[in-house]
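Tertiary structure, described
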Amino acid sequence: MPGSGRICLALSAALAAFLLFSGTAVSGQGGELTLEQAYRNAMEENENVGISRQEFRKAKSDVTAATSALYPQLSARGAYTREKDTDFSLGSGTGTTGGGGTGFETPNEYGTLTLSLDQHIYQWGKVWSGRKMAEYYSEGSRYRHVRRVQEILYQVSVSYYEALLGRRAIEIAESALNRAVWQAEQARARFEVGVVTQTDVLRAEVQVARSSEDLERAKNDYDNALEQLALEMGVASTPDSIEEPPERSFKAGPVNELYETALTRRQDYRQAQKQQQGAEKRVDFENADFFPNISLTGEYTATDKEELYYGESYDWRASIVVSYPLFTGWETSAEVASAKAEKSQADYSLARLRKQIRNEVRSVYLDIQTQQKVIDQLKKQVRSAERNYQETTAMFEQGIVTAVDQVDAFTALNEAENRLAQAYYTYQLDLLRLKMATGTFQKDLLEKEILNENG
């Protein structure tokens, strides 16, 4: 049926168009990089994130190593021994080898298998102090890892916004070049009718050349920004298109609240606290060497020559050992002094970091407020520069102003647009910098990272 054939053809064409357009949309979406995707790529691919993870895992294994001293230390040793031949024999008589005595002849060739047990009992809590010290350092390593990852992700943000700024600079440069080309065309047209001089034409052509140069530099800066972004993400290259993140705004609040949030959420501050606690435990750890070390030792030895143990195939012994270092060349005193110095250093570092955090929060807070005012002023400058350029261009066409005035208006507009773009992206980045200062930057993503590492 002819009608059914046309319907099938129409349905086929509609289906093909749907697949074509849907495929194009998916391809376009997949090829555009978002800031959140850049963060996730950095978490998976950035080599420095991997290095920090391994340092954290190493610190976790140190806790297991410190705990091992609390458990019995069991070892096995096998030996085959050959000794010099001797005429000495053991027994109730004093006979010699081959002399018809009833004693056991000492073997000069035998094998043994020995099991040894060593159990620490007491040394003024040295082992427990060592274990607690390792736990504090491990927890501090976890906080240090989170802070390092935050810093890496923040550098991803910096590179991302630099790429956005580079792209905006290209747009401004292209717009400026179009204006410069139009001015040059107008100057040549007016020169042909004798309204302007050859100098005015040359000046307009120089402006075109400068605008072309600015455009090439903007493109080069954008390419370099994409390369830097790829490096921070840990990938070989980035898509040509990157998505503009939603515009962020600042809700002003008491700076003291932000400071208290920073002391609660800053991972480097938590790490410094754990470092201080670990250093305090190290003092206890080193002081324990001034006290006796009590331990239990035991051995069980089996042999293939019963003569070695007077007719028995095994031997055993157990001992309670009390040891005390009478003189170590002042090593113990030096270790205690070193631990106390480390404790004082940790105290100073924590106090200094507290002041630095306060300074950083207040500084970023003030920068954001200043940047808001700068952006408002630059928006007014851009509007004024646009009106000035339009009016100057109109007066130039009427012969009221010279080409120099037109170039000045052109340059002022171009500079105002670039300063506004720079201020806008700096402001957006400052809002992320405030989150870094308060320790809340990418907290959800980092909580997943810690959950994965803790298993």
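Structure shown above.
Since this is a predicted model, take the numbers as computed values, not measurements.

Concerning the pattern of salt bridges
Counted under the stated rule, the structure contains 25 salt bridges. Across the pair Arg-168 and Glu-171 runs a salt bridge, and its minimum N-O distance is 3.2 Å. Of the two residues, Arg-168 and Glu-171 both sit in helix α4 (residues 126-192), 3 residues apart, roughly one turn of that helix. Judged by its relative accessible area of 33%, Arg-168 is partly exposed. Salt bridges linked by common partners bring Arg-147, Glu-151, Arg-266, Asp-268 and Glu-360 together as one network.

Quick notes on the layout of surface pockets
By volume, the largest pocket is sized at about 320 Å³. Around the largest pocket sit 15 residues that line it, and Ser-249, Phe-250, Lys-251, Leu-434 and Lys-435 are the ones nearest its centre. When residues of the lining of the largest pocket are traced back to their parent elements, those giving at least two are α6 (255-265) and α9 (403-438). Split by residue class, the lining of the largest pocket holds 6 nonpolar, 5 polar and 4 charged.

Concerning empty space enclosed by the protein
Counted by the stated rule, this structure contains 1 cavity of 30 Å³ or more. Residue lining of the largest cavity: Gln-183, Ala-187, Asp-200, Ala-204, Phe-396, Ala-403, Gln-406 and Val-407, and that is the complete set. Within the residue set of the lining of the largest cavity, elements represented by two or more residues are α4, α5 (198-233) and α9. The element best represented in the lining of the largest cavity is α9, accounting for 3 residues. Grouping the constituent residues of the lining of the largest cavity by class yields 5 nonpolar, 2 polar and 1 charged.

About the thresholds
Residues numbered from 1 in each chain as written. Predicted model: local features only at pLDDT ≥ 70, side-chain atom pairs only at ≥ 80, totals over all residues. Heavy atoms only, no water. Salt bridge = Lys/Arg side-chain N within 4 Å of Asp/Glu carboxyl O. Helix = DSSP H or I, 4+ residues; strand = E, 2+ residues; numbered from the N terminus. Buried < 20%, exposed > 50% of the residue type's maximum accessible area, 1.4 Å probe, protein only. 1 Å grid on protein atoms, 1.4 Å probe; cavity = no way out; pocket = protein on both sides within 12 Å on 5 of 7 lines; lining within 4 Å. Points joined across faces, edges and corners; volume = space filled by probe spheres on them. Nonpolar A, V, L, I, M, F, W, Y, C, P; charged D, E, K, R; others polar.

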